[in-house]
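# A look at the structure
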Amino acid sequence: MSAPHHDDAVSAGLSRRSVLTAAGLTAAGVALHGSLGTSSAAAATAPAIFYSPHQDDEAIGMAGTILEHKAAGRPVYLVLVSKGENGGIAENLNAFPCTYLGEKCSAPNHYHELGWQTKQGTPEVVSGRTSEFMLSAKAIGVDKVINFKLPDDAYGTPSEYTAFVNKIRGKVRELAERYPGASHKFTAGWLDTTNPQWPTNATHKACSDAAYFLMKNGELKDVRFNHIYTYEAFSRDQRDRGADYVVHIPPAHMKKKRAAILAYNTWDPSRNLYTAGYHSVPTMLEEAYNDPREFVYELPSHYKAGRGK
Ligand SMILES: [Zn+2]
Ligand SMILES: [Zn+2]
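Residues numbered from 1 in each chain as written. Chains lettered and ligands numbered in written order. Predicted model: local features only at pLDDT ≥ 70, side-chain atom pairs only at ≥ 80, totals over all residues. Heavy atoms only, no water.

This part is about the coordination of the zinc ion (ligand 2). The coordination sphere of the zinc ion (ligand 2), as far as protein atoms go, consists of C98 (SG), C105 (SG), H112 (NE2) and H279 (NE2), spread over 2.0 to 2.3 Å. Note that the zinc ion (ligand 2) binds four donor atoms; their angles at the metal cover 102 to 120 degrees, and the shape is tetrahedral. Along the chain, the residues donating to the zinc ion (ligand 2) fall in the pattern C-x6-C-x6-H-x166-H. One end of the pair, H112, is in the loop between α5 (87–94) and α6 (123–140); the other, H279, is in the loop between β8 (273–274) and α11 (282–289), and 167 residues separate them in sequence. (Donors = N, O, S within 2.8 Å, 3.2 Å for Na, K, Ca; no water. Tetrahedral: all angles 85-135°; square planar, octahedral: opposite > 155°, others 65-115°. Helix = DSSP H or I, 4+ residues; strand = E, 2+ residues; numbered from the N terminus.)

In structure tokens form, the structure reads like this:
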């Protein structure tokens, strides 16, 4: 494999709109950094802030982009948006023996029978997933971790969904005010589903919606969106469909991204690590592990806010 070159990475997925944007920025004398965003010299020292809706999204679909920003000299902050409550993960880890992963389970002899709460906030799931997230953040080498600790109300009633979006908006607004010139990186929630025929992940969509409203009010500039679910939704040759930028992750960065992914497949109860991530989205984690690319979007002009069906 030839050494990845950033310009190739950008041109591979450049849309017509991006070409026009690039031309405009070049004419104005502002450097264009492709997936890095449109940072001016003044903003070069401002952080790039990445918002991971759950514990695992940063490892699956953002780590390479984070490392690209670090390599460009930007401080990188990683935000965990939701608490990551998930009764399904508790059920999988309560099993005796593991029926979810079978031979792939890294628990000794595939036995866990943890007795974790499956309802009412799933405290053990939240705690275990967050330990994995912190290990992943360390492997990537982010400069700061920020935990919004928002209860994930994206799947509640329509008004609970709206309130959740507004809570994210408020927290992101605080960061935008505290760090002028920062760029903001969300998940491409309008695309994030394992099957294009199914509804999108409501938590991811809520994060995109929050970004959309803030952009509309001029409160956020320099915003990008990483497509997380593409690794499971599409075969390898289809994953870049529609992406404005494709990040080709160099081997040294891929090594760190893989270490981040493995944080979600580590069984070490002494460190509060129970392979919770792997008992949630093993296929996505494995596909991302084997694909040295990430897929970055700008906000579509036809963007529609709301959870959808
Ligand atoms: Zn997620
Ligand atoms: Zn298991």
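What follows concerns the coordination of the zinc ion (ligand 1). Around the zinc ion (ligand 1), the protein supplies H54 (ND1), D57 (OD), D57 (OD) and H204 (NE2) as donor atoms, at distances of 2.0 to 2.6 Å. One way to put it: the four donor atoms around the zinc ion (ligand 1) meet at angles of 54 to 152 degrees, and that makes the site irregular. Expressed as a motif, the donor residue spacing for the zinc ion (ligand 1) is H-x2-D-x146-H.

A general tendency of soluble globular proteins is for nonpolar side chains to be buried together. Core analysis: the largest hydrophobic core is formed by 68 residues, its most contacted members being Y51, F148, I168, F186 and F225. Leaving out residues up to four positions away in the same chain, I168 has contacts with V81, L150, A206, C207 and A210. Core analysis: the second largest hydrophobic core is formed by seven residues, I89, L93, V125 and Y274 among them. (Core = buried A, V, L, I, M, F, W, Y, C linked by side-chain atoms within 4.5 Å. Buried < 20%, exposed > 50% of the residue type's maximum accessible area, 1.4 Å probe, protein only. Contact = heavy atoms within 4.5 Å.)

So, on to helix α7 (residues 158–178). The end-to-end C-alpha distance of α7 is 31 Å, a good match for the 30 Å that 21 residues give at a rise of 1.5 Å each. For α7, every residue scored as buried is listed here: Y161, F164, V165, I168, R169, V172, L175 and A176. The arc that holds the buried residues of α7, viewed along the axis, is 140 degrees, so those residues lie on one side. Residues of α7 that are exposed and angled more than 90 degrees away from the buried face: S159, E177 and R178. Tucked into the core, α7 has its buried residues touching β1 (48–52), β2 (76–82), β3 (144–150), β4 (183–187) and α8 (202–216). (Expected span 1.5 Å × (residues − 1). Arc of directions from axis to C-beta.)

Another point: the environment of E219. Within the secondary structure, E219 sits in the loop between α8 and β5 (223–226). The spacing of E219 and E177 is 42 residues in sequence and 8.7 Å in space, taken between C-alpha atoms. Residue contacts for E219: discarding those within four places in its chain leaves R173, A176 and L214. For E219, the side chain forms a polar contact with the side chain of R173, separated by 2.6 Å. (Polar contact = N/O pair within 3.5 Å; in protein donor to acceptor, adjacent residues only side chain to side chain.)

Before going further, it helps to spend a moment on helix α4 (residues 63–71). Judged by how many residues are buried, α4 sits mostly within the fold: seven of nine residues are covered. Of the residues one or two after α4, G73 is the one with positive phi, at around 90 degrees.

Before going further, it helps to spend a moment on the side chain of D152. Tracing the sequence through the fold places D152 in the loop between β3 and α7. It turns out D152 is buried and unbridged, and the closest side chain with the opposite charge, R129, is 6.9 Å from it. Of note is the side chain of D152, whose polar atom sits 3.4 Å from the side chain of H54. The contacts of D152, once residues within four sequence positions are left out, are H54, S82, E85, F164 and T203. (Lys, Arg positive; Asp, Glu negative; His and termini not counted. Salt bridge = Lys/Arg side-chain N within 4 Å of Asp/Glu carboxyl O.)

A few words now on the packing of aromatic side chains. Counting across every chain of the model gives 13 aromatic pairs. Between W190 and F225, the aromatic rings sit 5.1 Å apart at their centres with planes inclined by 75 degrees, giving edge-to-face as the arrangement. Residue W190 is located in the loop between β4 and α8, and its partner F225 is located in strand β5; the two are separated by 35 residues in the primary sequence. On the accessibility criterion, F225 (0% relative accessible area) is buried. Here Y231 and F295 contribute two aromatic rings whose centre-to-centre distance is 5.9 Å and whose plane-to-plane angle is 55 degrees, an arrangement assigned as tilted. Of this pair, Y231 sits in helix α9 (residues 230–233) while F295 sits in strand β9 (residues 293–297), placing them 64 residues apart in sequence. Neither residue differs from the other here; Y231 and F295 are each classed as buried. Chaining the aromatic ring pairs together yields one cluster made of Y51, F148, F186, W190, Y212, F213, F225, Y297 and Y303. When the ring centre of Y77 is taken as origin, the NZ or CZ atom of K144, which lies over that ring, is 5.3 Å away. Just above the ring of Y289 sits the side chain of R258; from NZ or CZ to the centre is 4.9 Å. (Phe/Tyr/Trp six-rings, centres within 6.5 Å; stacked < 30°, edge-to-face > 60°. Lys NZ or Arg CZ within 6 Å of the ring centre and 35° of its normal.)

Next up on the list: the packing of helix α10 (residues 251–262) against α11. Running from N to C, α10 and α11 cross one another at 165 degrees; their axes reach a closest spacing of 10 Å. On the basis of their axis angle, the class for α10 and α11 is roughly antiparallel. Considering how the two elements wind past one another, α10 and α11 form a crossing that is left-handed. Between α10 and α11, the residues in contact are M254, K257, R258, I261 and L262 and L285, A288 and Y289, respectively. A class-by-class count of the residues in the contact of α10 with α11 yields six nonpolar, no polar and two charged. (Axes fitted to C-alpha atoms, helices over the stretch in contact; angles between N-to-C directions. Parallel < 35°, antiparallel > 145°, perpendicular 65-115°, else oblique. Left-handed = near helix turned anticlockwise from the far one by under 90°. Nonpolar A, V, L, I, M, F, W, Y, C, P; charged D, E, K, R; others polar.)

With that settled, the discussion passes to the sheet that holds β9. Strand order in the open sheet formed by seven strands is β3-β2-β1-β4-β5-β9-β6, and the pairing between neighbours is mixed. The sheet is open, and its two edges are formed by β3 and β6 (245–248), each paired on a single side. Going from strand to strand, the sheet's axes swing by 25 degrees on average, the running direction of each strand aside. As defined by bridge partners, β6 adjoins β9 across four bridges and the pair is classed as antiparallel. Bridge pairing in β9 places V246 opposite F295. Contacts from α7 reach β1, β2, β3 and β4 within the one sheet, and its direction differs from that of β3 by about 155 degrees. (Pairing = 2+ DSSP bridges.)

Any link to function would need more than the numbers given here.
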